[in-house]
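# Descriptive analysis of the structure
Chain by chain, the residues:
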Amino acid sequence: MTSVPGTQPAASEPLTDLDFANPCFLGPGGENSEVFERVLLELLRDHVYWRRNFHPEDPPPIPVLAMHQPGYVEFVDRMRTELNALTAALKRSVPFFNPRYLGHMVSDTLLPGLLAQLVTTLYNPNNVSPEAAPVTLELELKVGGQLARMLGFATDPARDPCAWGHLTSGGTLANYESLVNLRALRCYPLALKDALRATRLPLPLTAADGRPLAELDDWTLFNLPLDDVMALPQQLAALLSERTAPADARTLYQTLAEARVEHTGLVDFTECHPACAALSVLAPVTAHYSWRKAAKVLGFGSGRLVTVPVDSHMRLSLPALERHLEECVRKKIPVLAVVAVLGTTEFGTLDPLQEIAALRSRFRQRGLEFALHVDAAWGGYLASIFREPDGSLATHAAVREGFRYFPSAPVYASFAALKLADSITVDPHKLGYLPYGIGGIVWRDRRVRDFLGEKAPYVFDHDSQSAAARERQPQLGEYILEGSKPGAAAAAAWVAHRVLPLDRVHLGRLQRHTILASEYFFDRLPFLEQRLKGRARLVVPFEPDTNLLCLAINPEGNRELAAMNRFGRRLYVHLGIDPDRPVQLREFFSSHTRVTRDMLGAEDLSRVMGALGIAAETFVIAVDDQNTQADSLFLLRHTLMNPWLLERVDGKSCIDRYLEYLEGLIVAELELGVWCDPGSGDPSTAASRSRYS
Ligand SMILES: *Cc1c(COP(=O)(O)O)cnc(C)c1O
């Protein structure tokens, strides 16, 4: 969002076309409780009838008289006591549903999803396998298709590649899965070559360009394009059925299974294949911390997660990525994947997907391959703004309509390039407005499953009817990291996406509103800046790409970062969640984040510090005992996703009221002046908190 210097920001009415959203949620004041109760009761009763009508001829095991027995009555009393205690305690929960909440990546949940989840829980399906979830397992895979279509992947089952996706407990698990599966894929050709050699079966397997597999070295095999690798299992199966006896085929599959990294483990595999040692994953320094956890959990070691610097827009820096890749070519360091983020957790910024995909093509010419995983846990659902109901990509002009800044050319290009990814993480429990416990991952090519089954392919029966049934109702637990998992999550996503399809005239309108709210917030800031002139400086260090907005605030005249951070943290005392303080006493909620020194290049350091009036040398990599220094920059962070942010009360939207409140906090803190004192300590400690409550 670039505001042209000298022009006045628009003070006009914000664009609101949110009437359609009125029935979508329970509502900040429970406005839709009547609908909610009526539908829920209807579905509850319907569930009970279903129970009752399952062999109604059976005598009921719980006699009517049981209700009058002392033990029964006591149980019900105890249950109600505990439930009341629970819901009393839950009143201290965070009011995500309210537009006064501008904190983390959460808001109210869509009624269709919420009702579907509550009701499906009564049936308690387990999506680990079709035996435990005859209905919801199929729904889960259909949700995978809905997400794939929104993101721009091909979804025609009649041809390859056809996308395949499923749900996870969250984005973290989806990210783990991407690395596990990519490792399985990328190491497969090496194991296949080993198996061919060991069994001495003369099978003429080739890469897509016709080079015989048996003649390729390990480095080349690891660096085969993913599309080539995806085709290998089918090529192998065809050759085996043409040229070998079933017993030989079994032997080969057995040998292959034992040669794969899943069987040998990373240590033995890299001992046999030194080309795969030092396997690395490249991700921007803004990547979510789940990537560090993934590297630890999967045994790569978090040291193998190479962090790539970002540019002044908090987007992955292409020159820096290119330099890293050059080094990998030179030193023959295998790159498992480049992770690009679509909607960084802290800043909502978007990495340049199109250019990263172009780099992939360029480095492919030089024998270095990498998979492209897009972590769109946050921003994935914003793709619905770009999707026409017929599935095509909306034009840039069409998407721009009604916005002041969004989407800039790079932002549009990134969404258009999503389809070039190999896999994408997307979280329905974030911008999908669904209850927690629903994450998701989508693979561009469903053939990824050929590499994952716990069983070797030859144990499957091959008649086409059961193959089709398997496609609809796979043993999901065999392909994914999780085991038992709630079918209710799939039902919630399915129903929500049916009621509000993932395109720009349905769910996209809600997504659009999050951007409008952010543009409004951004446009109001100069007014606040003006009012604080001479007293404090207000800086948006990175222009928002989407719906997250971070603010740095420095008292005028202060030159030390440590003091500025103290000031920011003192403001945050009034804006964060305090477990010891009833949430009802809070006016507004925001969140905070930090920028470390390594996230800023020299130019950005002087740009941001200059705008704040801070001496750049007080921002250091590691603090020594001087109180004037700091190793990070404190920012107030606002996630603008509540549907009612622009709703006006007495002519003022919630954003207006928040900014007035923030102004009051700033002025009060300036008058108190405690932030000047380096000894005033961390305001998040209980002692200083009590001073302020
Ligand atoms: C939230 C987030 C994650 C983690 O998702 P969970 O659902 O919290 O596990 C990963 N990546 C990004 C970019 C995120 O914003």
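Now for a quick tour of the structure. Computed from a predicted model, the values in this text were never measured in an experiment.

Before going further, it helps to examine the packing of helix α5 (residues 171-199) against helix α8 (residues 246-259). Their axes nearest at 8 Å, the elements α5 and α8 cross at an angle of 135°. By the angle between their directions, the pair α5 and α8 is classed as oblique. Crossing angle aside, the handedness with which α5 passes α8 is right-handed. Between α5, through Tyr188, Ala191, Leu192, Asp194, Ala195, Leu196, Ala198 and Thr199, and α8, the contact on the second element is made entirely by Thr251, Leu252, Thr255, Leu256 and Ala259. Class assignment for the residues of the contact of α5 with α8 results in nine nonpolar, three polar and one charged.

Close to the ligand lie 16 residues, the nearest being Thr172, Asp375, Asp427, His429 and Lys430. In the model, an oxygen atom of the ligand is placed 2.7 Å from a nitrogen or oxygen of the His429 side chain. In this structure, an oxygen atom belonging to the ligand sits 2.7 Å away from a side-chain N or O atom of Lys430. Its free accessible area being 380 Å², the ligand has 87% of it covered by the protein chains. If you tally residues by element for the shell around the ligand, the top one is α5, at three residues. Residues that form the shell around the ligand fall into these classes: four nonpolar, nine polar and three charged.

You can see Arg447 is positioned in the loop between β7 (439-443) and α15 (464-472). A polar atom in the side chain of Arg447 sits 2.8 Å from the side chain of Asp445. Those residues within four positions of Arg447 in sequence are excluded, and the remaining contacts are Asp160, Asp227, Met230, Ala231 and Gln234.

Moving on, we come to the packing of helix α18 (residues 507-531) against helix α21 (residues 654-672). Between α18 and α21, whose axes approach to 10 Å, the crossing angle comes to 35°. Regarding α18 and α21, the two cross each other, and that crossing is right-handed. Every residue of α21 that contacts α18 at Ala517, Tyr520, Phe521, Arg524, Leu525, Leu528 and Arg531 is listed here: Ile655, Asp656, Tyr658, Leu659, Leu662 and Glu663. Of the residues contributing to the contact of α18 with α21, the split by class is nine nonpolar, no polar and four charged.

Our next topic: the pattern of salt bridges. Enumeration over the complete set of coordinates arrives at 27 salt bridges. With a closest N to O distance of 3.1 Å, Arg444 and Asp227 form a salt bridge. In this pair, Arg444 is assigned in the loop between β7 and α15 and Asp227 in helix α7 (residues 226-243), connecting sequence segments 217 residues apart. Accessibility expressed as a relative area gives 16% for Arg444, which makes it buried. Taking the shortest distance from any N to any O, the salt bridge between Arg537 and Glu556 comes out at 3.2 Å. Residue Arg537 is located in strand β8 (residues 536-539), and its partner Glu556 is located in the loop between β9 (548-555) and α19 (561-572); the two are separated by 19 residues in the primary sequence. With a relative accessible area of 30%, Arg537 lands in the partly exposed category. Residues joined by salt bridges that share partners form a network here, namely Asp227, Arg360, Asp422 and Arg444.

What counts as what
- Residues numbered from 1 in each chain as written.
- Predicted model: local features only at pLDDT ≥ 70, side-chain atom pairs only at ≥ 80, totals over all residues.
- Heavy atoms only, no water.
- Axes fitted to C-alpha atoms, helices over the stretch in contact; angles between N-to-C directions.
- Helix = DSSP H or I, 4+ residues; strand = E, 2+ residues; numbered from the N terminus.
- Parallel < 35°, antiparallel > 145°, perpendicular 65-115°, else oblique.
- Left-handed = near helix turned anticlockwise from the far one by under 90°.
- Contact = heavy atoms within 4.5 Å.
- Nonpolar A, V, L, I, M, F, W, Y, C, P; charged D, E, K, R; others polar.
- Near = heavy atom within 4 Å.
- Polar contact = N/O pair within 3.5 Å; in protein donor to acceptor, adjacent residues only side chain to side chain.
- Areas by Shrake-Rupley, 256 points an atom, 1.4 Å probe, with all protein chains shown as cover.
- Salt bridge = Lys/Arg side-chain N within 4 Å of Asp/Glu carboxyl O.
- Buried < 20%, exposed > 50% of the residue type's maximum accessible area, 1.4 Å probe, protein only.

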